[in-house]
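Structure at a glance
Given next are the chains, with one letter for each unit.
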Amino acid sequence: MTTDKSSTSLDKTAAPVDAPVGNPEAAEGAATVVDPRLLIREQGFAGYITEFKRKISGGDLGSIPVVVGLAIIAIVFQSMNSEFLSAKNISDIATSMVATGMMAVGIIFVLLLGEIDLSVGSVSGVSGALVAVLSVTQGMNEWLAILVAIVSGAVIGAIHGFFFARIGAPAFAVTLAGLLFWLGFMLQLLGDSGTINLDGDGVVGKLTTYYFSDVAAAYGLAAIAVVGYFAAAFLDTRRREAAGIPSRPIADIAVRTGVLAVFAFAAAYMFNQYRGLPLALVLFLIVLVGTDFVLRRTAYGRKIFALGGSVEASRRAGINVTAIRISVFSIAGTFAAIGGLFWASKIAAANQGSGTGDLLMNVIAAAVIGGTSLFGGRGRTWNALLGVMVIVSIQYGLSLEGIATPIQYMVTGAVLLATVVIDSVTRKTQKTAGRA
């Protein structure tokens, strides 16, 4: 939420009683704009209700649709099969969603520009193939092979960004060409056999098979998340108060922290009922925290949002549009490569099917379903977590019922269409309300 000192309080913005009014008619019909956080502070719970109504009427739905969707998914599938919310199934979902989620994080950066990258599936396949060929066939140190694969993903993304940002070719066409080219390159790397098995006890192999079995690990991570959130919110409030701008009430922070604590410790309890805390999930959460910080707390992140809002305005503001675009596509390539390592770990091999099938669809769907706008300028990397949870939960729920893959595709497609429709309607509502 953007605020400035002019909206800090009613006392600072209101004109003196005896001050002359140049346009009495306009002044009489004007509405005083009050920062919503002041409304909450002054009216308490009633302020929350008013603010919620204001957001809904203005089309600012936030993560409400996807959270409601997750709740409905859990209720429906649990009523159909009691194993859906079992510790094993939840742990399997948490591990399986990381590969797609990692790739969705990179796609979110691209979507924030209002662009698309269709090559991430093929790039992920190249990453897995490179690690397999270098570490298994050529005998290279596995850590070095992993580094080569990730750097290769970044370079591939930068190449796509160069053709888009510098040459001026449409991102859709460039990355579609990349999809085909890198798919062929992956097949060439794998050779005639088409499959290279990985060491299950190697670094890549353990990405999705290693669990922290000590119960203290899951509960410790939950505690760190809760304390970290409270500390960050509390310090932000103090910083805003010191600057004389609206801040979130302590009671509000306490309630949010309490809700987070319930979900975090419930998840930790469920993980400990099975095999413990999955390493894959820990790495995914670290990536989400880091990328969220970059987007929301750095000048680079603000430039990405500005560029997604208006290219011309960003250029006039002195932003190096070309450099930002190239770097964003490089980030997408990097996370595509990282996601490819998790996919290779999941199947303990690199094969000709890597990066193909419905992977690209699921990656884009995860970002959009989670709340990232296809029109650019709105989204957070945490949307990747919410979106991929929806997709993988649906897949696992349908699989438990023995429902065929074609139906799974149809259901996922319907959910994606509904999300895009909601995004379009929300955008129109925000324009009508003067908030876009």
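These numbers were taken from a predicted model, which means no experiment stands behind them.

It is worth spelling out the overall build of the chain at this point. Helices and strands together make up the secondary structure of the chain, namely 19 helices and four strands. For the chain, buried positions account for 44% of its 436 residues. Residue pairs at least 24 apart in sequence account for 79% of intrachain contacts in the chain once pairs closer than 6 positions are excluded.

This part covers the packing of helix α7 (residues 120-137) against helix α9 (residues 171-190). As a packed pair, α7 and α9 sit with axes 8 Å apart at the nearest point and diverge in direction by 20°. By the angle between their axes, α7 is roughly parallel relative to α9. The two elements α7 and α9 cross, and the hand of that crossing is left-handed. Listed contacts from α9 to Ser122, Val123, Gly125, Val126, Ala129, Leu130 and Val133 of α7 are Gly178, Leu179, Trp182, Leu183, Phe185, Met186, Leu189 and Leu190. Here the residues of the contact of α7 with α9 are counted per class, giving twelve nonpolar, three polar and no charged.

What follows deals with the pattern of salt bridges. A complete count under the given rule lists ten salt bridges for this structure. When the shortest N-O distance is used, the salt bridge between Asp292 and Arg296 registers 3.1 Å. With Asp292 and Arg296 both in helix α13 (residues 279-297) and four residues apart, this pair spans about one turn of that helix. Here Arg316 and Glu312 are joined by a salt bridge, their closest N and O atoms 3.1 Å apart. Of this pair, Arg316 and Glu312 both sit in helix α15 (residues 311-316), separated by four residues, roughly a single helical turn.

Quantified by volume, the second largest pocket comes out at close to 400 Å³. Those elements that provide at least two residues to the lining of the second largest pocket are α6 (87-112), α16 (321-347), α17 (359-370) and α18 (382-400). Per element, the largest residue contribution to the lining of the second largest pocket is six residues, and it comes from α18. Residue classes in the lining of the second largest pocket are distributed as seven nonpolar, eleven polar and two charged.

With that out of the way, let us pick up the confidence of the model for the chain. Confidence along the chain averages 84 in pLDDT terms, with 83% of residues attaining 70 or more. Low pLDDT, under 50, characterises residues 1-33; the predicted model gives this stretch 24 contacts beyond four residues in sequence or across chains.

What counts and how
- Residues numbered from 1 in each chain as written.
- Predicted model: local features only at pLDDT ≥ 70, side-chain atom pairs only at ≥ 80, totals over all residues.
- Heavy atoms only, no water.
- Helix = DSSP H or I, 4+ residues; strand = E, 2+ residues; numbered from the N terminus.
- Buried < 20%, exposed > 50% of the residue type's maximum accessible area, 1.4 Å probe, protein only.
- Contact = heavy atoms within 4.5 Å.
- Axes fitted to C-alpha atoms, helices over the stretch in contact; angles between N-to-C directions.
- Parallel < 35°, antiparallel > 145°, perpendicular 65-115°, else oblique.
- Left-handed = near helix turned anticlockwise from the far one by under 90°.
- Nonpolar A, V, L, I, M, F, W, Y, C, P; charged D, E, K, R; others polar.
- Salt bridge = Lys/Arg side-chain N within 4 Å of Asp/Glu carboxyl O.
- 1 Å grid on protein atoms, 1.4 Å probe; cavity = no way out; pocket = protein on both sides within 12 Å on 5 of 7 lines; lining within 4 Å.
- Points joined across faces, edges and corners; volume = space filled by probe spheres on them.
- pLDDT = per-residue confidence, 0-100.

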